[in-house]
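Listed below, chain by chain, are the residues.
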Amino acid sequence: MVINTNIAAQTGARFLAESSNSLSKSLARLSSGSRLVSPEDDAAGMAVSMRFDAQINRTAAAASNVRNSISFAQTQDGFLKKLAKALDRMGELAVLAQDVTKTDPDRVLYDEEYQKLSDYVRSTTTKQFNGVDLFSATAATLNVTVDSEGSSFAMAGINLGGASIYSAAAASRVFTAVDAATALSNTKNAIIQLSMDRSVVGSTLSVLSSYSEQLAGLNDNLT
């Protein structure tokens, strides 16, 4: 018995299967927008792509952390700016209370405003940002993750509480000329410290802004 084989038909069927397979791959790439649909397309390329995707996602997360930290520092500076106005007025009241033409009953009126401002200074020390203390009583350092590998930037804390000079200014009175002199000294020291604290916050904002720009550029390049 002789079995005849249709070579032409087999070849045609094979070419059709290959064409159908290629068409399926092309449609999958078009629909997904990706050149690599399965590992068989490019095994090494797929491995590299997965690592890049993971790094891109981590970079985006780090960028989010940095942006939130910038908002944190900006909020700090906003409160410090208002605190500066309060301390300026407290210093002014301390000088007015030392006027020799004023009596102690006059100074009581100055002290009333001074104490209202002191309450504002105290309230500022307890402000928070999403449940995190803006001003630590111990000036604790906050570590901000600034890249996809987990590296961090030490954001210096600002101490407005505890036994800080701000507390000394807030605890002062201007009932008498002697008290007013002490209050003036404490307030001047607090203003000096405030200028240094705002400088620290300003430098923190500058560095964090640089990290934010760096991460944005890195994310574009990785993509």
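Before reading further, recall that the structure is shown in the block above.
Before going into details, it helps to say that this report is about the structure given with it.

About the criteria used
- Residues numbered from 1 in each chain as written.
- Predicted model: local features only at pLDDT ≥ 70, side-chain atom pairs only at ≥ 80, totals over all residues.
- Heavy atoms only, no water.
- Phe/Tyr/Trp six-rings, centres within 6.5 Å; stacked < 30°, edge-to-face > 60°.
- Helix = DSSP H or I, 4+ residues; strand = E, 2+ residues; numbered from the N terminus.
- Buried < 20%, exposed > 50% of the residue type's maximum accessible area, 1.4 Å probe, protein only.
- Pairing = 2+ DSSP bridges.
- Salt bridge = Lys/Arg side-chain N within 4 Å of Asp/Glu carboxyl O.
- Core = buried A, V, L, I, M, F, W, Y, C linked by side-chain atoms within 4.5 Å.
- Contact = heavy atoms within 4.5 Å.
- Expected span 1.5 Å × (residues − 1).

1. Quick look at the packing of aromatic side chains
Enumeration according to the criterion identifies three aromatic pairs in this entry. Ring centres of Phe72 and Phe129 lie 5.6 Å apart, and the angle between their planes is 80°; on these two criteria the pair is classed as edge-to-face. Highlighted residues: Phe72 in helix H2 (residues 43-96) and Phe129 in strand S1 (residues 128-129), separated in sequence by 57 residues. Between Phe79 and Phe135 the ring centres are 6.4 Å apart and the planes differ by 85°, which places this aromatic pair in the edge-to-face class. Taken together, the residues span a long stretch of sequence, with Phe79 in helix H2 and Phe135 in the loop between strand S2 (132-133) and strand S3 (142-145) at a distance of 56 residues. Phe79 sits in the partly exposed class, given a relative accessible area of 23%.

2. A closer look at unusual backbone geometry
A positive phi angle, close to 55°, is found at Asn130, a residue other than glycine. Mapping Asn130 onto the fold places it in the loop between S1 and S2.

3. Quick notes on the pairing of strand S4 (residues 152-155)
Alternating residues of S4 divide into Phe153 and Met155, all buried, and Ser152 and Ala154, none buried. Judged from the four bridges that link them, S3 and S4 form a sheet pairing that is antiparallel. The residue of S4 that forms the bridge with Thr145 is Ser152. Hairpin connection between S3 and S4: a loop of six residues separates the two successive antiparallel strands, and Gly150 in this loop has a positive phi of roughly 90°.

4. Comments concerning the pattern of salt bridges
One pass over the structure, following the stated rule, counts eight salt bridges. Among the salt bridges present, the one from Glu149 reaches Arg58, with a minimum N-O distance of 3.4 Å. Residue Glu149 is found in the loop between S3 and S4, and its partner Arg58 is found in helix H2; the two are separated by 91 residues along the sequence. We classify Glu149 as exposed; its relative accessible area is 59%. Since its relative accessible area comes to 36%, Arg58 is described here as partly exposed.

5. Concerning the nonpolar core
If you look at the biggest cluster of nonpolar residues, it comprises 40 residues, and the most contacted ones within it are Leu83, Leu87, Tyr166 and Val174. Among the elements of the structure, H2, helix H3 (104-124), S4, helix H4 (165-170) and helix H5 (177-222) are those that each provide at least two residues to this core. When residues in this core are grouped by element, the largest group, 14 residues, is from H2. Once residues lying within four places of it in the same chain are set aside, the contact partners of Val174 are Ala94, Ala97, Arg107, Tyr110, Asp111, Tyr114, Asp179, Ala180 and Ala183.

6. A word on the environment of Lys85
Within the secondary structure, Lys85 sits in helix H2. Expressed as a C-alpha distance, the spacing of Lys85 and Leu117, which sit 32 residues apart in the sequence, is 9.7 Å.

7. Regarding H3
In this model, H3 (21 residues) spans 30 Å end to end at C-alpha, consistent with the 30 Å of a helix rising 1.5 Å per residue. Those residues of H3 that sit buried are Arg107, Tyr110, Asp111, Tyr114, Gln115, Leu117, Ser118, Val121 and Thr124.

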